[in-house]
Amino acid sequence: MNQIKLLLISLIGLNLFFASCNPAPESKTGKNSTLIPEGSTEAQIVALAANVTPSPRQVIWQDGEFTAFFHFTVNTFTDREWGDGKENPSVFNPSSLDAKQWVQTAKDAGIKQVILTCKHHDGFCLWPSKFTEHSVKNSPYKNGKGDVVKEVAEACKELGIKFGVYLSPWDRHEPSYGDSPTYNTYFVNQLTELLSNYGPVAEVWFDGACGEGPNGKRQVYDFKSYYSTIRKLQPDATIAIMGPDVRWVGTESGYGRETEWSVVPVSAARLDEISASSQQNASNSAFVPEGDMQKPDLGSRSVIANAKGLIWYPSEVDVSIRPGWFYHASQDSLVKTPEKLLDIYFSSIGRNSLLLLNIPPDRRGLLHKNDVRNLQLFKKAIDEIFATNYLIGAKIVADSQSGSQKAEFCIDYDNKTWWAAASDKSDATLDLTLNGQQTFNVLMLQENIQVGQRIESFTLEGWVNGAWQKLTEGTTVGYKRLLRFETVTTDKVRLRILKSRLNPTISSFGVYMNRMK
Ligand code: FUL
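In this report, the structure presented in the accompanying data block is examined. These numbers come from a predicted model, not from an experiment.

### Details of the overall build of the chain
Counting its secondary structure elements, the chain contains 12 helices and 19 strands. For the chain, the exposed surface amounts to about 19,800 Å²; the carbon and sulfur share of it is 51%.

Below you can see the structure in the form of structure tokens.
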């Protein structure tokens, strides 16, 4: 019932946050953001946008492509989505928790990193925090000696998977919540525990929900101090959603925008901080753009035309494999099917976003067999589709090239090499003669985002019955673009890049066969 209402409240919280938080940007290389001088023409703004590039930690994050979320807390046992903080810790009692089963399941599904809800809105800590009694240390789990954060972090280490933490700023248990400075110290203390005692942390995930404390006052989060704690203790960690490195795509449906720009406007209010930050080389300051992350268009020409600054701020798509974020036995038959998961994969990773898929452990402390089965079938489908790139072995010719960035680099299995059109070109054609007649219905393209996101419009054509036929078309590419189209059999294809902010680049180009549908 209340799911939609809860979501709305959550989104309102998120938007309120964007409207009120004013931290400063990070500018490690100086290219991660840019100011737009007063009076710049559209062409100048577009060129500036094309030269904004990801920070090294954003590049590593984006390369991961696929992360698992584990939502697990007292809610798992009370059958709720949002706990009120009044739960007795005694309800938390998983009978056969096996964090290795969670991480192995994720790994088998092709997931490279996991994020655990170390503390959700109920304030219950999955680790024995020194700063509250509302934690696993007062639960029957392992007679109060358990530490779920440690178990998940160790399973990740053993299985070679990255580990990330979700720590809810909104805390419905902690009495100091609403007394802003006191709670901020409490929160930084908890962050410090998580970032000091569990090995490397690859991502810190903050959501924007915010409320009033028992004193009737709205808590004001001190994000700057949260960010500086993270940069100090885990400098390689990305800070997501309410953070400077990664933005929320704007829905929890699993579907990203067809046109998804990683370079988005920075508001005027941030400009002084941007320049102050770069002048002082303050690379560890923090930044969150204000504004509505749910808008249908965050970065195309018409949007950036009015911007005062721009920043690399890529999108993360979060979605649960079940209707709820937490496990509910009543949803065992509602686990997303392999077909649905595949559709989400194409519509998130395939739309220049990272996919953060929630798989909630059950009351035993295990991932349910329905979730495991559907994930396995989904992974089987992915493996089958992407087993053969029908462009490998093709003869590829570009109508222009920049320096030694040859067309062959698109289809060399190496994402670190790339083709670039001549530097004065904003369009290009890549002609491919395939290794005989091939049958396929999926396109995969990747730009070399390390030099920026440039492509604005493209078509893929196949030589069919003696003429070029359009197979599919798209707008942005970015880190990765996947498109499905009617199955075609041909021995010649061509990619036409119709519009690009700067000379286009392609690091990977593939066509594949999806038999699942
Ligand atoms: C939201 C929370 O309110 C949900 O419970 C869930 O954790 C989701 C990922 O973020 O804002």
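### Description of the site of the ligand
His 71, Trp 82, His 120, His 121 and Asp 207 are the nearest of the 12 residues found near the ligand. A distance of 2.7 Å is found between an oxygen atom of the ligand and a side-chain nitrogen or oxygen belonging to His 71. A distance of 3.2 Å separates an oxygen atom of the ligand from a polar atom in the side chain of Tyr 166. When the free accessible area of the ligand is taken as 290 Å², the share hidden by the protein chains comes to 96%.

### With respect to the sheet that holds strand β1 (residues 33–35)
Spatially, the three strands line up as an open sheet ordered β1-β9-β8, and their pairing is antiparallel. Edge positions in the sheet fall to β1 and β8 (263–266), since each of these pairs with one other strand and no more. Across this sheet, the average inter-strand angle for adjacent strands is 25°, counted without regard to direction. Two strands pair when backbone bridges link them, and β8 and strand β9 (residues 309–312) are joined in this way by four bridges, in the antiparallel orientation. In the strand pairing of β9, Val 264 is matched with Ile 311. Of the strands in this sheet, β1, β8 and β9 touch helix α2 (residues 42–50), which is tilted by about 25° from β9.

### Remarks on the layout of surface pockets
What the largest pocket holds in volume is close to 650 Å³. Around the largest pocket sit 31 residues that line it, and Asn 415, Met 444, Gln 446, Lys 480 and Ser 508 are the ones nearest its centre. Elements supplying a minimum of two residues to the lining of the largest pocket: α3 (56–64), α12 (369–386), β14 (428–446) and β19 (508–512). Counting residues per element, the lining of the largest pocket draws most heavily on β19, at three residues. Each of domain 1 (64–252 + 316–385) and domain 2 (395–512) gives at least three residues to the lining of the largest pocket.

### With respect to unusual backbone geometry
If you check the backbone angles, Glu 65 has positive phi at about 65° while not being a glycine. The topology assignment puts Glu 65 in the loop between α3 and β2 (66–70). Of note in this structure, Lys 142 is not a glycine but carries a positive phi near 50°. The topology assignment puts Lys 142 in the loop between β3 (113–119) and α6 (148–159). What makes Lys 142 partly exposed here is its relative accessible area of 46%.

Definitions and limits used
- Residues numbered from 1 in each chain as written.
- Predicted model: local features only at pLDDT ≥ 70, side-chain atom pairs only at ≥ 80, totals over all residues.
- Heavy atoms only, no water.
- Helix = DSSP H or I, 4+ residues; strand = E, 2+ residues; numbered from the N terminus.
- Areas by Shrake-Rupley, 256 points an atom, 1.4 Å probe, with all protein chains shown as cover.
- Near = heavy atom within 4 Å.
- Polar contact = N/O pair within 3.5 Å; in protein donor to acceptor, adjacent residues only side chain to side chain.
- Pairing = 2+ DSSP bridges.
- Axes fitted to C-alpha atoms, helices over the stretch in contact; angles between N-to-C directions.
- Contact = heavy atoms within 4.5 Å.
- 1 Å grid on protein atoms, 1.4 Å probe; cavity = no way out; pocket = protein on both sides within 12 Å on 5 of 7 lines; lining within 4 Å.
- Points joined across faces, edges and corners; volume = space filled by probe spheres on them.
- Domains from an automatic or database assignment.
- Buried < 20%, exposed > 50% of the residue type's maximum accessible area, 1.4 Å probe, protein only.

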